Amino acid sequence: MDAQVKKAADLDVLVVGAGFSGLYILHELVKRNYKVHLFDDGEGPGGTWDKNHYPGARVDSEVWVYQYTDPALWKDYYFTEKFPGWRELKSYFNYVADKWGIRPYMTFKTRVIGTTFDEANGVWQVRTSDGQSLTARYLVLGMGSTTQPVTPSFPGAETFKGQSYHSARWPRDGVSMKGKRVAVIGTGASGVQIIQEASREAEHLTVYQRTPNLALPMGQEKYTREEYEKLKAMFPPVMERTKQTFAGFAYDLIYKPWNEMSADERQKIMRFNWDQKGFTFWLAAPADLFFDEECNRAHYNFWRDETRKLIKKEHLIEVLAPTEPPHPFGTKRPCLQQWYFDLYNQDNVDLVNLKATPIERITEKGIVSGGKEHEVDIIVYAIGFDTCTGAISAVDIKDARGRTVGDLWKEQSLTYLGKAVPGYPNLLYTYALQSPSAFVNGPTGAELEGDWVVKFIENMDKMGIRRFEASRDAAEAWGKRCHDLGEMSLFVKAKSWYMAANVPGKRPEIQPFIGGQPAYRAALYEELDKGFPNFVLVKKHAEEIAAQ
Ligand code: N01
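Residues numbered from 1 in each chain as written. Predicted model: local features only at pLDDT ≥ 70, side-chain atom pairs only at ≥ 80, totals over all residues. Heavy atoms only, no water.

1. Regarding the overall build of the protein chain
Turning to step 1, where the next piece is worked out: Within the protein chain, the secondary structure is distributed over 19 helices and 20 strands.
Turning to step 2, where the next piece is worked out: Here the C-alpha radius of gyration of the protein chain, 24 Å, is about what a compact globule of 548 residues would show, namely 24 Å.
Turning to step 3, where the next piece is worked out: Here the C-alpha coordinates of the protein chain stretch approximately 80 × 60 × 50 Å along the principal axes.
Turning to step 4, where the next piece is worked out: Residues counted as buried form 59% of the 548 residues belonging to the protein chain.
Turning to step 5, where the next piece is worked out: When contacts within the protein chain are restricted to residue pairs at least 6 apart in sequence, long-range pairs at least 24 apart make up 71% of them. (Helix = DSSP H or I, 4+ residues; strand = E, 2+ residues; numbered from the N terminus. Rg over C-alpha atoms; globule rule 2.2 N^0.38 Å. Buried < 20%, exposed > 50% of the residue type's maximum accessible area, 1.4 Å probe, protein only. Contact = heavy atoms within 4.5 Å.)

2. Here's the deal with the packing of helix 9 (residues 263-276) against helix 11 (residues 293-308)
Between two packed helices, the angle of one axis relative to the other and the distance separating the axes together describe the packing.
Turning to step 1, where the next piece is worked out: Closest axis-to-axis distance for the helix 9/helix 11 pair is 11 Å, and the angle between their directions is 50 degrees. Judged on the interaxial angle alone, helix 11 and helix 9 are oblique. Crossing geometry of helix 9 relative to helix 11 is assigned as right-handed. Facing helix 9, whose interface residues are Arg266, Gln267, Met270, Arg271 and Trp274, helix 11 presents Glu294, Ala298, His299, Phe302, Trp303, Glu306 and Thr307.
Turning to step 2, where the next piece is worked out: Residue composition of the contact of helix 9 with helix 11, grouped by class: five nonpolar, three polar and four charged. (Axes fitted to C-alpha atoms, helices over the stretch in contact; angles between N-to-C directions. Parallel < 35°, antiparallel > 145°, perpendicular 65-115°, else oblique. Left-handed = near helix turned anticlockwise from the far one by under 90°. Nonpolar A, V, L, I, M, F, W, Y, C, P; charged D, E, K, R; others polar.)

3. Considerations on the site of the ligand
Turning to step 1, where the next piece is worked out: Not every one of the 24 residues close to the ligand is listed here, only the nearest: Arg58, Ser190, Thr211, Lys332 and Trp497.
Turning to step 2, where the next piece is worked out: Aspartate 60 is positioned such that a nitrogen or oxygen atom in its backbone is 3.5 Å from an oxygen atom of the ligand.
Turning to step 3, where the next piece is worked out: Taking serine 190, its side chain carries an N or O atom lying 2.6 Å from an oxygen atom of the ligand.
Turning to step 4, where the next piece is worked out: Against a free-state accessible area of 910 Å², the protein chains account for coverage of 85% of the ligand.
Turning to step 5, where the next piece is worked out: No other element matches helix 6 (residues 189-201), which puts three residues into the shell around the ligand.
Turning to step 6, where the next piece is worked out: Within the shell around the ligand, the residues separate by chemical class into 10 nonpolar, nine polar and five charged.
Turning to step 7, where the next piece is worked out: Built from parts of two domains, the shell around the ligand gets at least three residues from each of domain 1 (11-148 + 386-547) and domain 2 (150-213 + 335-384). (Near = heavy atom within 4 Å. Polar contact = N/O pair within 3.5 Å; in protein donor to acceptor, adjacent residues only side chain to side chain. Areas by Shrake-Rupley, 256 points an atom, 1.4 Å probe, with all protein chains shown as cover. Domains from an automatic or database assignment.)

4. Examining the pairing of strand 2 (residues 36-39)
Turning to step 1, where the next piece is worked out: Neither face of strand 2 is open: one carries Val36 and Leu38, the other His37 and Phe39, and all of them are buried.
Turning to step 2, where the next piece is worked out: Here four bridges tie strand 1 (residues 11-16) to strand 2, and the two strands are oriented parallel to one another. From the neighbouring strand, valine 15 faces strand 2, where its bridge partner is leucine 38.
Turning to step 3, where the next piece is worked out: Between strand 1 and its parallel partner strand 2, the chain crosses via helix 2 (residues 20-31), and the hand of that crossover is right-handed.
Turning to step 4, where the next piece is worked out: Here two bridges tie strand 2 to strand 3 (residues 106-107), and the two strands are oriented parallel to one another. Note on strand 3: the bridge partner recorded for leucine 38 is methionine 106. (Pairing = 2+ DSSP bridges. Right-handed = clockwise from strand over helix to strand, strands pointing away.)

5. A short note on the side chain of lysine 419
Turning to step 1, where the next piece is worked out: Topologically, lysine 419 is positioned in the loop between helix 15 (405-411) and strand 18 (427-429).
Turning to step 2, where the next piece is worked out: Among the polar contacts made by the side chain of lysine 419, one reaches the side chain of tyrosine 520 at a distance of 3.1 Å.
Turning to step 3, where the next piece is worked out: Not counting residues within four places of it along the chain, the set of residues in contact with lysine 419 comprises Leu427, Leu428, Tyr429, Thr430, Tyr431, Ser435, Glu449, Trp452, Val453, Tyr520 and Leu524.

Okay, structure coming up:
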C-alpha cells in the first residue's frame, strides 16, 4: 500500500452497511491489514435483519444456503429452523461479528450522509450523522436493494389517530395486536408474513390487496441440535453448488426447452418441484418459465389449481387465485407462505380487493375504499421499498460537478457491472442497481461480489493506481445488456419492483441484472482478468511512488 496516500487518508476503505456484503468485505479487508471501518445506521450487524423485525419476518432461503460458507462460522453454529426468523438471523450476525473479530471496526447508529471526492488528494471526504468527517481512499457501499421504504402517500394518512407503521420501521419492542382491529395494506413478501401473524393475534384483520401474491408453500421444518448437526454433512457440497447455479440456491433452472418436453415430462417436473416446497417451483423450473408464455401459463395454472384447494370462501377464490394470471408467474417475486391462504377461511379475516375498490383516503378512524369507511386501530403499510437505487440515492454522494448518484440515476440507470458509476471514482457498491441483487440468494451474492470488490482493491494497490473510474461507454453497454435481457424476458410484463413500477414517478425499466449468477460472475472476472480495460486508471504520482 502507498505510505503517502495512507498517511493522507484516515482510512483505506470506508464500508457502508452491515448486512451480508458489508460484513464479508470488512472481514476480508481486515484480514489483509487494510485500514477499514464500517458504518451502519442500524442498531447492530444484520442489515435487512437488523432493520426488518415486523411480526413473522423470516427468510425465504433454506438455512444451509442462507449463511456464510466459512466453516469457522457454520461448524459450531446451530439454527433451529429451515427458514429462520429475524431473531435467529440477528443472533447469527452477532455471532459472525464476534467470531470474525470485526466488531471493533464497526460503528452503528451512524449514517453516512454525504461524500465528495477530493481530486487533489485522491480521497473521499465523508460526513456522518454524528458529525464526524473523515477521509478514505475507497468507498464501498453495501446498503442493500430493499432498504429505503416507500412513504405512504394515501390522502389523509397523517390524520389517522390510531397506530400506523411501515413494515420496515416496526417498533423494536414490538406492537401488540391483541384485541385490535388491524388493516394491512400490501401483499408482497413483507405483507404476507405480517398478515399471517396478524390473523392469529388481531381481533379482526382486513387485508388490502392490489395484486394477489402467487405465494408458494414454504415447507418449514424445525430442528433439534442433533438434527441440525446431521444436516451439516451436506453443507460443503451444497455451499459449493450455490456458487454455480442461476440464483445461488442448491437447485438450478432446467435448461431443456419447454417445447422439447412431452406433456408427461412437463407435468412430472411441475409436480416434483411443487412437492419439494420452497422456491423450487420457481427457481428449479424450466428456464423457459421466464421467456416462454406457454411454459409460464402452465406453471400459473398449476399454482392456481393447487392454491384454490386451500381457499374455502367462495367469493375469495377469484380474488386470491384468479382464473387469468395477474402477471406472468414468477415475474413478480412470489413469497413462501405457511398459512397464508388458509387464514382467509377464518371469520376474523376480510380482504378488500383494491382493483375493484381502491383506497380513496385515510381518515382519523380508518380507511375509505369503495365509498365505505373501515374503522381500524392499527394500519400496517407493507407497501415496499424504493428498490435497487433508493439507499444509495439517499446519500449525498457528489461527483466533480456536484451532482449526486441519485440525480444521475433519475436521468439514466448508468452503472458498470452494477459495481461502479462513471463520474464517481474509487467507489464500488454491491447488491443494488444492475447487479443481480435479489436475483441471487443473499449470502451467495455477497460472497461473489465481496470477493471481487476485495480483489479489485488489492489489484489497484498492486498496480499503483490512485484513481479508478468506470468508463461511460462500458456503462452504456452494461445498461443495454441489462435492458435487453429484460426485454427478452416476461419480466417486462409485470408491474413489479424489479421493473421499478412500485414507486410512483420512477422510470419503469428492469433494475437488477437478470442474467443469473454464472453470467454475472463471468462478466466480473473477465474485467478483472483482463486488467480492468473498462476503467480509466490513473497511476500514483512519481513522488507518491518514491515515498513508498
Ligand atoms: O414489498 P413489495 P415487500 N396501494 O413491493 C402493495 C424482500 N423481502 O416489502 O403488487 C395499495 O414486494 C403492492 O401492490 P402491487 C423481497 O425481495 C424478502 O413486501 O404493487 N397497495 C404489494 O402488494 C421482496 O420482494 C422477505 O399491486 C400498494 C405491496 O404493497 C422485497 O423485499 C421478506 C400500494 C408491496 O410489495 C419487497 O417486499 C420481505 C398502494 N399505493 C421482503 N403501494 C423474505 O425473504 C404498494 N402496494 C421473506
